[in-house]
Amino acid sequence: MKLFKFLSVNLIIIPLIMTGCNMHKKSDGYIGPSDISISDGKMTPEVLLSLGRLSDPQLSPDGEKILFGVTYTSIADNSTCRNLFVCNTDGNQRARLTEDGKSIGNARWAADGKHIYYIQDGQIWKGKISGKGTNLRLADRKQLSDVKAEVSGFILSPDQSKILYVSSVHSNVVTPEDTDPKLDKARAYMTDDLMYRHWDHWVTEIPHSFVADIPDAEKGINGKSSTDILESEDGLYELPMEPFAGIEQLCWSPDGKYIAYSCKKSFGKKYAFSTDSEIYIYNIKTKGTGVIPMKGGYDTDPAWSPDGKKIAWLSMARNGYESDKSRLMVADVDYDPNEDIPVITGIRDVTSGFIYNASSPVWDKKSDAVYFNALAEGLQGIFRADVNAADISKAVTRITGEDKWFDFQSPFAVRDDSNGNTQLLTSYYSMEFPSELVSVTVSKERSDTTSDNETFTTTDPVNGNRIIKVLKGDCPVTDRNVTYSRITHENDHIISKLKTYKTEARIMKTVDGKDMLTWVLYPPEFDSTKVYPSILITLGGPQGTLSQDWSYRWCYRLMAAQGYVVVLPNRRGTTAFGPEWTEEISGDYIGLNMQDYLSAAKQMKAEPFIGKMAACGASYGGYSVYYLAGIHGNVFDCFIAHAGIFDESHMYLTTEEMWFPNWDNGGLEEYEADPAVGTPECPVGPKGDGETFGGIRQGGSQWSNAPKAVRHYANSPDKLVKNWHTPILCIHGGNDFRVPYDQGMAAFNAAQLMGVPSRLIIFPDECHWIQQPQNALFWHREYFAWLDKWCK
């Protein structure tokens, strides 16, 4: 008897609320909602690209309306455009504020609730909401900034007298024009240190953050009127840190006198080998800076409590390990009038009894709890940490239930409803639909029942029986009733036309007898008496999780719609099952995580309804494909690798974030960076021993004698190409600097030389991801054409 049941996914479609017609003229280049025709219920790549992408919701000052943006795509014009919308907190009175042909971002309410600040064309603007009901528009627009290097993000001070914004300054990478202004048509990059390129760009500029008064006159925010909060620093540091951090890495104190920010104050070789960032506090008036000295790995996402008496942030303990446990730290803030910077005391880890990674902290209004999201047992949920808990090891409770198969973001607003219940306004998505807004309400009354820590089955009137795997850690589900109410229905007019399908959560046994959560998606109208091709997804990262995430690249619903059974194993290295499971992959790329894939594949292929099977993945998932190609025997019938690592030795010398291969390739903590590096006693620079850069130990290098590193490089996928015999498609972006595109070329060339059926696709203008609409459409068409050729 199988230890699982099918989950029949039947979408409940609420009638779409029609917006009023804004009568103002649409700008040239405006892109609106898609009117794509779907007659047969089949999801296609064109349908995927037609979906609106909702983002960045903001609650109005009076708590009555939500401002958000939606991005629509034009395949014909090969472009996207984001415009602004507003609705009531229950989803009613949805109105389109703008119909511009140029994207609008970072939209924020003014304190009066009648104006909006936003970014367009790289500058800060302000506009007024005019009209009534659903006939609203953003009018009387004024450009507030004239910043030469443009603005990428901003935060208003609490009293909205000042603005903190992100722009850029020149780096230490030299271009010909820097040496001679007449060489403005020459193109070259010259450097004397590492980190000269990062993920998808040459580092000729680095982000800095600036403070300015909000002017009465137009274009009053500029270089002369702004203060660089790093101007007194000796080095060219990034603020916020690249490549993924943004304005969320800076935070105003409630009184507007201080800014807390996350920064890694290093550059060059030390930056390349270290993950040691800290939380700093900047005094607006004196321009003095203090630090919360954690002396470890990443410290990010500072968040001041509403009463100003506490500060929260995320912290990793170990330097050099980018996937260490992300802890939620809280400290007390003492405003000593004799001190330039507030005194930080009582630092504690409020997630000490929580085995998962905290993310995106948000304070409640009373400053006694922090809400955050975390991937836990295959689902991203909302959690609450009581910062004043008597037993800090039991401070965390789970808010969203494990029977809700969605990924929830942290709330963008926490408020009390008319009955005194706590209402969390947030966004969520699943494998079935992209981001929508939702209200999660926690009752003020305690529930009569509490959850335990054993496996249980719940009955859902819509979706039938589910077998739920409950949290392993000491993290009880909230003892209060929780209700959910969908706010937006951005894509119902498209999703409702698609055929439904089934999703299953299987618990598979690994070769060493452990349980592995594996999601399985079945094609629409699945018939177990028939035989279907299948796709096994190899996860990137390598640390990450296959949860209920929605993706516009690896869209599992789209794959199932093409007639494939989609298999998603949460193998060793995934982050939603505690540190032990996560850390079994570092220094052991070729070990148990690869056996996890083979175990999942063999268990699925034992089913009578499974025929041929492909393995597909990107980044580390691409590495997994290349490695499996050399060891799988005859388990798989074809492979697809996107942006995959093929030659580990070459990768180590051509990638940029050196801490990543240094740790994961076998260096691990015994080779972490020396905290004294950069001092006269431990200078940055080669020692001549082939192992260190002035104390930065290269334990994960191909010349390291660390046993795990030696084993790692000896088993690089390129060493196994003589075993290759299965058709393989290699895809790569020409501007991918994280995994340089010659990795894909080398894998394809090796396949050709081994006589293996193979194809190479290079996107010269794309990076680690495929972002341009027509490139994305071509990617999907070729992806499915290759699968169909070898698996159908």
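A. Inspection of the sheet that holds strand E7 (residues 115-120) at higher detail. Taken in spatial order, the 4 strands of this open sheet run E6-E7-E8-E9, and their pairing is antiparallel. Each of the sheet's edge strands pairs with one partner strand only, and the pair in question is strand E6 (105-109) and strand E9 (135-143). The sheet shows a mean angle of 30° between the axes of neighbouring strands, direction not considered. Examined bridge by bridge, strand E8 (residues 123-132) and E9 share 7 bridges and lie antiparallel to one another. Opposite Lys 126, over in E9, you have Lys 142 as the bridge partner.

B. Molecular detail of the side chain of Glu 766. One can find Glu 766 in the loop between strand E44 (758-763) and helix H13 (773-791). In this structure, Glu 766 is buried with no salt-bridge partner, the nearest side chain bearing the opposite charge being Arg 553 at 6.7 Å. For Glu 766, the residues in contact, after removing those within four places along its chain, are Gly 733, Gly 734, Asn 735, Asp 736, Gln 771, Gln 772 and Asn 775.

C. Molecular detail of a nonpolar patch on the surface. Together, Tyr 189, Leu 194, Tyr 196 and Trp 202 make up a nonpolar patch on the protein surface, roughly 330 Å² of accessible area in all. Secondary-structure assignment places Tyr 196 in the loop between helix H2 (176-179) and strand E12 (197-198). For Tyr 196, a relative accessible area of 32% gives the class partly exposed.

D. Seen up close, the pairing of strand E17 (residues 258-263). Extensive coverage of E17 is indicated by the burial of 6 of its 6 residues. Going residue by residue along E17, you find Tyr 258, Ala 260 and Ser 262 tucked away on one face and Ile 259, Tyr 261 and Cys 263 tucked away on the opposite face as well. Pairing between strand E16 (residues 250-252) and E17: 3 bridges, direction antiparallel. Within the sheet, the bridge partner assigned to Leu 250 lies in E17 and is Tyr 261. If you look at the hairpin formed by E16 and E17, you'll find 5 residues sitting between the two strands, and Gly 256 has a positive phi there, around 75°. Sheet topology note: the E17/strand E18 (residues 278-283) ladder contains 6 bridges and is antiparallel. Residue pairing for E18: Ala 260 is matched across the bridge by Ile 281.

E. Layout of the sheet that holds strand E19 (residues 289-292). Taken in spatial order, the 4 strands line up as E16-E17-E18-E19 in an open sheet, and their pairing is antiparallel. A single partner strand is all that each edge strand has here, and the edge strands are E16 and E19. Along the sheet, successive strands turn relative to each other by an average axial angle of 25°, direction set aside. Sheet analysis places E18 next to E19, joined by 4 bridges and oriented antiparallel. Residue pairing for E19: Ile 281 is matched across the bridge by Gly 290.

F. View of helix H11 (residues 707-714). Here H11 has its buried residues at Ala 709, His 712 and Tyr 713. The arc that holds every buried residue of H11, seen down its axis, measures 85°, which confines them to one face. If you follow the buried residues of H11, they end up packed against helix H9 (648-654) and helix H10 (659-667).

G. Structural view of unusual backbone geometry. For the bond running from Glu 242 to Pro 243, omega is 5°, close enough to zero to count as cis. By the secondary structure assignment, Pro 243 is in the loop between strand E15 (226-228) and E16. For the bond running from Gly 541 to Pro 542, omega is 5°, close enough to zero to count as cis. The residue Pro 542 is located in the loop between strand E37 (532-538) and helix H5 (556-561) in this model. A positive phi angle, near 55°, is found at Asp 56, a position not held by glycine. For Asp 56, the location among the structural elements is in strand E2 (residues 53-59). By relative accessible area, Asp 56 is classed as partly exposed at 28%.

Scoring rules and cut-offs
- Residues numbered from 1 in each chain as written.
- Predicted model: local features only at pLDDT ≥ 70, side-chain atom pairs only at ≥ 80, totals over all residues.
- Heavy atoms only, no water.
- Pairing = 2+ DSSP bridges.
- Helix = DSSP H or I, 4+ residues; strand = E, 2+ residues; numbered from the N terminus.
- Axes fitted to C-alpha atoms, helices over the stretch in contact; angles between N-to-C directions.
- Buried < 20%, exposed > 50% of the residue type's maximum accessible area, 1.4 Å probe, protein only.
- Lys, Arg positive; Asp, Glu negative; His and termini not counted.
- Salt bridge = Lys/Arg side-chain N within 4 Å of Asp/Glu carboxyl O.
- Contact = heavy atoms within 4.5 Å.
- Patch = residues over 30% accessible without salt bridge, like charges linked within 9 Å, V, L, I, M, F, W, Y side chains within 5 Å.
- Areas by Shrake-Rupley, 256 points an atom, 1.4 Å probe, with all protein chains shown as cover.
- Arc of directions from axis to C-beta.

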